[in-house]
Amino acid sequence: MMGPQHALSGAAVWLAGSWALEQFADYHQSPLALAVGTAVCAGGALFPDLDMSGKVTKNQGGATVARTFGVFSLFAAEVMEKVSLGVYYATKLSKDPRRNNGHRTLTHTLPFTVLVGWGTTALCAAYGKWAVITILFFMFGLALRGLFDEWAERAGWVIITLASAGAAWFTYANLPGGRGYPLIGTALGVGCFVHILGDMITRAGVPILWPIPIKRRMWMMIGLPNRIALRVGSKAEVVGMRIALTAVSALATVGLVAPSVLSRFDIEI
């Protein structure tokens, strides 16, 4: 799945989930907490593709996440791709094929998703201010790059970097630590998981069951059958998925906002 659809899927899932929690579990979030959770989940839904590197010295190629902060994120993607490939070869079994890159390996697994979510919460709790600001900075940048891809292409990575830094600082100054820190880790973990599910409906699949060996393969790719799976970059994915996910996001937002707006006018629903 392409980067913009990944980011939009993260936003849609977080908004829809927040609406469901408010309706059925009476769990309410402040507007800021809802906005932060949505942005972090959207950014998290891009994060696993950090294993897809490009041309660092030329500031070209790579996945959406790798291009977010220019050569700096491209270098990080190069490192992650090599680490992922190393883990693949260190754990592969006899039936696992040879690979020349680490894309859709380590970062597309459930252990990685759990580690990212738990690790984020632990870092924020242990190191406070600078851990929170740093994580929010990166996630806001990914969200901007994914949700507003055409604008981001025109604006360039410097503008995205400055906007992300300002948003991260403002959020830290206004987000309560008690509920705010677990919110960040949960949103990031959910975003990574949504990314995996999104790639599972494409033809290549993901090794979601790693490290469980199956038929002498440690990295068995799991996904929909090719006859019904989406082809990455196809009209069904780029247009169809974007329309569907935008509709879900819009409906969930209306469901979350409408009650408070109507209450101001003493209208009961």
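Residues numbered from 1 in each chain as written. Predicted model: local features only at pLDDT ≥ 70, side-chain atom pairs only at ≥ 80, totals over all residues. Heavy atoms only, no water.

- Where an unreviewed UniProt entry is consulted, the protein appears under the name Metal-dependent hydrolase, with the organism given as Micromonospora parva.

**Some remarks on the environment of Ile228**
Okay, so step 1: Mapped onto the elements of the fold, Ile228 is located in the loop between helix 9 (177-200) and helix 10 (235-264).
Okay, so step 2: On the accessibility criterion, Ile228 (55% relative accessible area) is exposed. (Helix = DSSP H or I, 4+ residues; strand = E, 2+ residues; numbered from the N terminus. Buried < 20%, exposed > 50% of the residue type's maximum accessible area, 1.4 Å probe, protein only.)

**What to know about the UniProt feature "transmembrane region" (unreviewed entry) in the protein**
Okay, so step 1: Per the UniProt record, the feature "transmembrane region" (unreviewed entry) sits at residues 110-143, 155-172, 184-210 and 243-262.
Okay, so step 2: End C-alpha atoms of residues 110-143 are separated by 22 Å, and the span's content is 97% helix alongside 0% strand.
Okay, so step 3: For the annotated span residues 184-210, helix accounts for 63% and strand for 0% of the residues, and the straight-line distance between the end C-alpha atoms is 25 Å. (UniProt positions renumbered as here; feature names shortened; annotations may be inferred.)

**Some thoughts on the nonpolar core**
Okay, so step 1: In this structure, Val36, Val40, Phe47, Leu136, Met139, Phe140 and Ile184 are the most contacted members of the largest nonpolar core, which totals 43 residues.
Okay, so step 2: Of all the secondary-structure elements, those providing two or more residues to this core are helix 1 (3-24), helix 2 (31-44), helix 3 (64-67), helix 4 (71-91), helix 5 (110-127), helix 6 (129-147), helix 9 and helix 10.
Okay, so step 3: Looking at which element gives the most residues to this core, the answer is helix 6, with nine residues.
Okay, so step 4: With five residues, the next largest nonpolar core counts Tyr88, Leu106, Trp210 and Met218 among its residues. (Core = buried A, V, L, I, M, F, W, Y, C linked by side-chain atoms within 4.5 Å.)

**Some points on the pattern of salt bridges**
Side chains that differ in charge, positive against negative, can pair when their charged atoms come close.
Okay, so step 1: Evaluated as defined, the whole model comprises six salt bridges.
Okay, so step 2: Ionic pairing is found between Lys82 and Glu81, a salt bridge with its closest N-O pair at 2.8 Å.
Okay, so step 3: With a relative accessible area of 4%, Glu81 lands in the buried category.
Okay, so step 4: Note that Arg145 is salt-bridged to Glu153, the shortest N-O span being 2.9 Å.
Okay, so step 5: Using a relative accessible area of 5% as the deciding quantity, one classes Arg145 as buried.
Okay, so step 6: The structure contains a network of salt bridges with shared partners spanning Glu78, Glu81 and Lys82. (Salt bridge = Lys/Arg side-chain N within 4 Å of Asp/Glu carboxyl O.)

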